[in-house]
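# Fold and contact review
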Amino acid sequence: MVSFSESVKICLRHKFFVCKGRATLAEYWWFQLFFFLTIISFNLFIYLVGLVVEIPIFFVYLYCIAIWTLFIPLFCVSVRRLHDVGHTGFFLLVGLIPIIGGVILFFEFISKSDSNNQYGPKTE
């Protein structure tokens, strides 16, 4: 089973731009948690700085760069997770359907892995 730190290392170092292959359930959800905590930390920091002084534009740029930099591996691990359950990466477009699309994707992201499919053997 992949730990939190291993998942972050896999997604940020080894598979930053890699959409091929598969991602385990643990790898996907640990990286989702890392993304969420990072965004919350940035928001909290900018909020606290904004209470004391006017927020410099530098922080806004830094925030945007961090989000877009983390969005790339988040997108790639999402595609790999869909591969793990037997869908193509284009299945992410289901998320564009209001409300129901996100629910469908959520259930796909929490479903068990296929044993072997066209994207390779099952990874543990």
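Up top is the structure.
So, a few notes on the structure that sits alongside this text. (Residues numbered from 1 in each chain as written. Predicted model: local features only at pLDDT ≥ 70, side-chain atom pairs only at ≥ 80, totals over all residues. Heavy atoms only, no water.)

## Things to note about the pattern of salt bridges
- Across all of its chains, the model carries three salt bridges by this definition.
- The partner of glutamate 27 in a salt bridge is arginine 80, and the shortest N-O contact between them spans 2.8 Å. Here glutamate 27, found in helix H2 (residues 25–52), pairs with arginine 80, found in helix H3 (residues 57–84); they are 53 residues apart in sequence, far enough to count as distant. In this structure, glutamate 27 and arginine 80 share a single accessibility class: buried.
- Through salt bridges that share partners, Arg22, Arg81 and Asp84 make up one connected network. (Salt bridge = Lys/Arg side-chain N within 4 Å of Asp/Glu carboxyl O. Helix = DSSP H or I, 4+ residues; strand = E, 2+ residues; numbered from the N terminus. Buried < 20%, exposed > 50% of the residue type's maximum accessible area, 1.4 Å probe, protein only.)

## Side note on a nonpolar patch on the surface
- Taken together, the side chains of Leu25, Trp29, Ile97, Ile99, Ile100, Val103, Ile104, Phe106, Phe107 and Ile110 make up a nonpolar region of the molecular surface, amounting to roughly 890 Å² of accessible area.
- Breaking the nonpolar patch down by element, the ones donating at least two residues are H2 and helix H4 (100–110).
- It is H4 that provides the largest number of residues to the nonpolar patch, a total of six residues.
- The residue phenylalanine 106 is located in helix H4 in this model. (Patch = residues over 30% accessible without salt bridge, like charges linked within 9 Å, V, L, I, M, F, W, Y side chains within 5 Å. Areas by Shrake-Rupley, 256 points an atom, 1.4 Å probe, with all protein chains shown as cover.)

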